[in-house]
Amino acid sequence: MQHFSPLALAAKDSIDPSVVRYAGGEFASYIDSDSAAPFMTGLHAALESPLHSSQVLNAGVALSNVVALVALSLAQSEDEAVDLVKGSIRRTVTTTFPELVPPEDEKLTAAAEAMILRVFGTVTSEELPDAIDGRTLAAIAAYGDASILLADQVGLPRPVLASAIGQAAATM
């Protein structure tokens with residue numbers, strides 16, 4: 001079982017890079033599992049750690065970093081990754097996880113996508129959500145799980161994906 005112990009402690013800064021890197025590595029480790037929803041499983045574990053209320057932003061940044069890395073792994077470039085998140089991944093999310101990301105909830109979709117796409121520098125500060133809450137964390141996890149479904153369909157081996165993304169998340 002993975003440990004999100006740094007997320008259980010009060011945050012010293014609103015965004016703590018060392019906590020984000022650690023949590024990103026933990027979220028990435030869930031990719032290499034038999035779970036059809038590894039990011040939701042990882043989010044559940046983070047919430048059980050228990051997640052300190054001051055660490056929600058760090059958890060959201062870490063989770064969205066890892067989801068962005070999965071999208072980049074599926075694409076040929078950052079531009080294609082942006083298109084993939086806004087296209088195929090969004091369609092997969094809203095059809096596979098409509099209870100988490102209802103197709104008509106444009107505000108939730110925009111918040112989750114902004115957190116993911118900020119990694120590629122395509123989001124302005126005005127587009128980022130004012131706050132990260134449980135629904136936004138769940139939506140980001142759903143985008144990650146949709147990305148994993150696509151990775152499984154194209155035959156990307158999860159152990160390789162988990163290792164590469166874990167290493168990349170540790171340096172972000």
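Above this text is the structure in question.
(A) Molecular detail of the overall build of the chain. Within the chain one finds seven helices and zero strands. Starting at the N terminus and walking to the C terminus, you meet the elements of the chain as α-α-α-α-α-α-α. Taking 2.2 N^0.38 as the reference for a compact globule, 172 residues should give roughly 16 Å; the C-alpha atoms of the chain span a radius of gyration of 14 Å, in line with that estimate. The C-alpha extent of the chain, read off along each of the three principal axes, is 40 × 35 × 30 Å. By residue count, 48% of the 172 residues in the chain fall in the buried class. A separation of at least 24 residues holds for 77% of the contacts in the chain among residues at least 6 apart in sequence. Summed over all atoms, the accessible surface of the chain reaches about 8,200 Å², with 54% contributed by carbon and sulfur. Charged side chains in the chain number 9 positive and 21 negative. The centres of these two groups are separated by 2 Å.

(B) Up close: the environment of Glu 127. Within the element layout of this structure, Glu 127 appears in the loop between α5 (106-117) and α6 (134-154). Looking at Glu 127, the relative accessible area reads 45%, which means it is partly exposed. Through-space distance from the C-alpha of Glu 127 to that of Ala 111 is 7.6 Å; in sequence the pair is 16 residues apart. Within the structure, the side chain of Glu 127 is placed 2.7 Å from the backbone nitrogen of Thr 124, a separation counted as a polar contact.

(C) Quick look at unusual backbone geometry. The linkage connecting Ser 49 with the following residue, Pro 50, adopts the cis geometry, with an omega of -15°. If you trace the backbone, Pro 50 turns up in the loop between α2 (38-48) and α3 (56-74).

(D) Just the pattern of salt bridges, in detail. Scanning the model with the defined rule gives three salt bridges in all. Note that Arg 90 and Glu 113 form a salt bridge whose closest N and O atoms lie 2.6 Å from each other. Placement of the pair is Arg 90 in helix α4 (residues 78-96) and Glu 113 in helix α5, with a sequence separation of 23 residues. The exposure class of Arg 90 is partly exposed, given its relative accessible area of 30%. Of the residues examined, Glu 113 reaches a relative accessible area of 5% and is grouped as buried. The residue Asp 152 makes a salt bridge to Arg 158 at a minimum N-O spacing of 2.8 Å. Accessibility expressed as a relative area gives 13% for Arg 158, which makes it buried.

(E) Representation of helix α7 (residues 158-169) in the model. Here α7 contains twelve residues, and its C-alpha end-to-end distance of 16 Å stays within 8% of the 16 Å for a straight helix at 1.5 Å per residue. Along α7, the positions that sit buried rather than exposed are Arg 158, Leu 161, Ala 162, Ile 165, Gly 166 and Ala 169. Angularly, the buried residues of α7 cover 125° about the axis, an arc narrow enough to put them on a single face. Among the exposed residues of α7, those oriented more than 90 degrees off its buried face are Val 160 and Gln 167. Contacts from the buried residues of α7 go to α1 (17-29), α2, α3 and α6.

(F) Structural context of the layout of surface pockets. Estimated volume of the largest pocket: approximately 250 Å³. For the largest pocket, the full set of lining residues is Asp 105, Lys 107, Leu 108, Ala 110, Ala 111, Glu 127, Pro 129, Asp 130, Ala 131, Asp 133, Arg 135 and Thr 136. Going through the elements one at a time, α5 and α6 are the ones with two or more residues in the lining of the largest pocket. In terms of residue count, α5 provides more of the lining of the largest pocket than any other element does, four residues in total. Grouping the amino acids of the lining of the largest pocket by side-chain chemistry returns five nonpolar, one polar and six charged.

The rules behind each value
- Residues numbered from 1 in each chain as written.
- Predicted model: local features only at pLDDT ≥ 70, side-chain atom pairs only at ≥ 80, totals over all residues.
- Heavy atoms only, no water.
- Helix = DSSP H or I, 4+ residues; strand = E, 2+ residues; numbered from the N terminus.
- Rg over C-alpha atoms; globule rule 2.2 N^0.38 Å.
- Buried < 20%, exposed > 50% of the residue type's maximum accessible area, 1.4 Å probe, protein only.
- Contact = heavy atoms within 4.5 Å.
- Areas by Shrake-Rupley, 256 points an atom, 1.4 Å probe, with all protein chains shown as cover.
- Lys, Arg positive; Asp, Glu negative; His and termini not counted.
- Charge placed at Lys NZ, Arg CZ, Asp CG, Glu CD.
- Polar contact = N/O pair within 3.5 Å; in protein donor to acceptor, adjacent residues only side chain to side chain.
- Salt bridge = Lys/Arg side-chain N within 4 Å of Asp/Glu carboxyl O.
- Expected span 1.5 Å × (residues − 1).
- Arc of directions from axis to C-beta.
- 1 Å grid on protein atoms, 1.4 Å probe; cavity = no way out; pocket = protein on both sides within 12 Å on 5 of 7 lines; lining within 4 Å.
- Points joined across faces, edges and corners; volume = space filled by probe spheres on them.
- Nonpolar A, V, L, I, M, F, W, Y, C, P; charged D, E, K, R; others polar.

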